[in-house]
Amino acid sequence: MSTFSTAARSVFTSESVTEGHPDKVCDQISDSVLDAILAQDPMGRVACETAASKDLIVMIGEITTTASIDFESIARNTLQEIGYVDPTFGIDSSSCHVKVAISEQSPEISQGVGSAVENRDGSQDPFDLTGAGDQGMMIGYACNETPELMPMPIALAHRLTRRLSEARKSGEVPWLLPDGKSQVSVEYHEGKPVRVEAIVISTQHLDSVSNAEIEQTVLEQVINSVVPADMIDEDTKIYVNPSGRFALGEAGGDEVLGHVPGHVGRGTVDLRGVLAGEGAAAMGRRAAVGVDDDLAAGEAGIAVRTADHELAGRVHVPDRALGDPALRQGLQDVGLHDGAHVRRIEVLVEVL
């Protein structure tokens, strides 16, 4: 049975979204709440969720802090910075409805965070003073396919959406609007990327621009400026706004997001792409005690250090439960995908 590293041919696909995609909008609003609270209260406990629908932002969650912040202003300022400043774009920062339903952290979770079970059982280890108050699965991953140390499908997808935002904000392409999405499929031979199989870009636009101009501009100023020419051939399939028109953003479309509203958690989809695998928790919008985020960052640091120092071409740090002592002790099993073996590497505590 062949594996990814030995298969003669395999294709992997990853997607990315622009800052104006409803899911990413929600991530940014929740992260802005976290930033505002930590600026006043470094020990604040924040689990803030945001949802977006037509002309509506809803902020919910559990927050315990001494900070005083204006949730509604944070939401509106974030929308404005993204570029949602006109009702015709789908949602308007100055006129949309913002509903806030934030409560304090539940006593049960607070107990688990304020004093870890090991501490309550008498442990004197300083690492046991603070608990997680939760459970989760985290994965670290890095590879040497790209300068970002990420798989090529997700690296290219992110570069494309970043380029869309740059072209919009600079005024280079004046008809681009905030919402957008990319998807890239890359063909691999024995675990090595050899060509781009397909590219899909959907971008919100002013209603005055023609489909022909959209396709030509996106191809010339976005795709060709980002995707290496030697990775595209005559068989590469390129689709620009394949559904047709995209003049009304998904956050304010007749069908909200087509099927579901925007919500926090996009990071679990577009952080590393399907090649790397993902944990179970949304990334961001949590304070330091949200250790699912912290541990995921730590494991990613282990993987990046390993790949960057050329100890392996593709590194996957296996799932770890919250509070796993293996990371705390500074050692981690790392699966090296270029071979069938597993080896141990030393991990600096600072990485975590």
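Details of the structure are given in the entry above.
Residues numbered from 1 in each chain as written. Predicted model: local features only at pLDDT ≥ 70, side-chain atom pairs only at ≥ 80, totals over all residues. Heavy atoms only, no water.

## Comments concerning the overall build of the protein chain
Going by this rule: Secondary structure counts use DSSP, requiring at least four H or I residues in a row for a helix and at least two E residues in a row for a strand, with both numbered from the N terminus. A 1.4 Å probe rolled over the protein chains alone gives each residue an accessible area, and that area as a share of the maximum for its type sets the label: buried under 20%, exposed over 50%, partly exposed in between. Any two residues whose heavy atoms approach within 4.5 Å at even a single point are treated as in contact. Here the accessible surface of atoms and residues is derived via Shrake-Rupley with a 1.4 Å probe, and residues count as covered only by protein chains that are part of the display.
The number of helices and strands found in the protein chain is nine helices and 12 strands. Expressed as a percentage of its 352 residues, the buried residues of the protein chain come to 48%. The contacts of the protein chain with a sequence gap of at least 6 include a subset with a gap of at least 24, amounting to 69%. Accessible area of the protein chain: about 16,700 Å², with a carbon and sulfur share of 53%.

## Here we look at helix 6 (residues 211-226)
Convention followed: An expected span of 1.5 Å times one less than the residue number is assigned to each helix. Two axes define the bend at a residue: one fitted to the seven residues ending there, one fitted to the seven starting there, and the bend is the angle between them.
Its 16 residues give helix 6 an end-to-end C-alpha distance of 21 Å, which sits within 8% of 22 Å, the value for a rise of 1.5 Å per residue. The sharpest bend along helix 6 comes to roughly 35°, located at L219. Looking at helix 6, one finds that the buried residues are I214, T217, V218, V222, I223 and V226.

## What to know about helix 2 (residues 71-82)
This is how the line gets drawn: The definition of a polar contact used here is a pair of N or O atoms within 3.5 Å, where within protein one atom must be able to donate a hydrogen and the other to accept one, and adjacent residues in sequence count solely through side-chain atom pairs.
For helix 2, which comprises 12 residues, the first-to-last C-alpha distance of 17 Å matches the rise-based estimate of 16 Å (1.5 Å per residue) to within 8%. Buried residues in helix 2 make contact with helix 1 (22-40), strand 3 (56-64), strand 4 (97-103), helix 5 (152-169) and strand 6 (176-189). Sitting at the amino-terminal end of helix 2 is D70, which places a side-chain oxygen 3.2 Å from the backbone nitrogen of E72.

## Considerations on the nonpolar core
Convention followed: Among buried residues, the Ala, Val, Leu, Ile, Met, Phe, Trp, Tyr and Cys ones that are joined through side-chain atoms within 4.5 Å form a nonpolar core.
One finds L160, I201 and V227 to be the most contacted residues of the largest nonpolar core, which totals 25 residues. When residues of this core are traced back to their parent elements, those giving at least two are helix 5, strand 6, strand 7 (192-205) and helix 6. With six residues, the top contributor of residues to this core is helix 5.

## Here we look at the sheet that holds strand 1 (residues 10-17)
Where strands meet in a sheet, backbone hydrogen bonds hold them as pairs that are either parallel or antiparallel. Stated precisely, the cut-off is as follows: A strand pair is defined by DSSP finding two or more bridges across the two strands. Working convention: axes come from line fits to C-alpha atoms, limited for helices to the stretch in contact. Angles between N-to-C directions cover 0 to 180 degrees.
What the four strands build is an open sheet, ordered 1-6-7-8; its pairing is mixed. Taken across any chain shown, the strands that pair with only one partner, and hence form the sheet edges, are strand 1 and strand 8 (237-240). Each adjacent strand pair in this sheet contributes to an overall mean axis angle of 15°, direction not counted. Here eight bridges tie strand 1 to strand 6, and the two strands are oriented antiparallel to one another. Within the sheet, the bridge partner assigned to V17 lies in strand 6 and is K181. Those strands touched by helix 6 are strand 7 and strand 8, and its axis lies near 130° from that of strand 7.

## Re the pairing of strand 3
Formally: With its strands directed away from the observer, a crossover is right-handed exactly when the path from the first strand over the helix to the second travels clockwise.
Because side chains alternate across strand 3, one face comprises the buried residues I57, M59, G61 and I63, and the other comprises L56, V58, I60, E62 and T64, none of which is buried. Crossover strand 3 to strand 4 through helix 2 is right-handed.

## Concerning the state of the cysteines
How we decide: In this description, a disulfide is simply a cysteine sulfur pair whose atoms lie within 2.5 Å.
Enumeration over the complete set of coordinates arrives at zero disulfides. Lacking any disulfide linkage, C26 is separated from the closest cysteine sulfur, that of C48, by 10.0 Å. Judged by its relative accessible area of 0%, C26 is buried.

## As for the pattern of salt bridges
Just so we agree on the cut-off: What makes a salt bridge here is a side-chain nitrogen of Lys or Arg within 4 Å of a carboxyl oxygen of Asp or Glu, nothing more.
On inspection of all chains with the given rule, the structure shows 13 salt bridges. Among the salt bridges present, the one from R168 reaches E19, with a minimum N-O distance of 2.9 Å. Highlighted residues: R168 in helix 5 and E19 in the loop between strand 1 and helix 1, separated in sequence by 149 residues. Taken as a pair, R168 and E19 share a single burial class, namely buried.

## Describing empty space enclosed by the protein
If a probe as big as a water molecule is rolled over the atoms, it shows which places are left empty. We count it as follows: Of the grid points, spaced at 1 Å and generated over the protein atoms alone, those admitting a 1.4 Å probe that cannot get out make up cavities, while open sets with protein on both sides within 12 Å along at least five of seven lines make up pockets; any residue with an atom within 4 Å of a point is treated as lining. Grid points are joined across faces, edges and corners, and a volume is the space filled by probe spheres set on the points. Residue polarity is assigned by list, with Asp, Glu, Lys and Arg as charged and Ala, Val, Leu, Ile, Met, Phe, Trp, Tyr, Cys and Pro as nonpolar; anything else, Gly included, falls into the polar class.
As enumerated under the stated definition, the model contains two cavities of 30 Å³ or more in all. Along the walls of the second largest cavity sit T18, L164, S165, R168, L176, L177, P178, D179, G180 and T203, which together make up its complete lining. Among the secondary structure elements, those contributing two or more residues to the lining of the second largest cavity are helix 5 and strand 6. Here the element with the most residues in the lining of the second largest cavity is strand 6; it accounts for five residues. Residue classes in the lining of the second largest cavity are distributed as four nonpolar, four polar and two charged.

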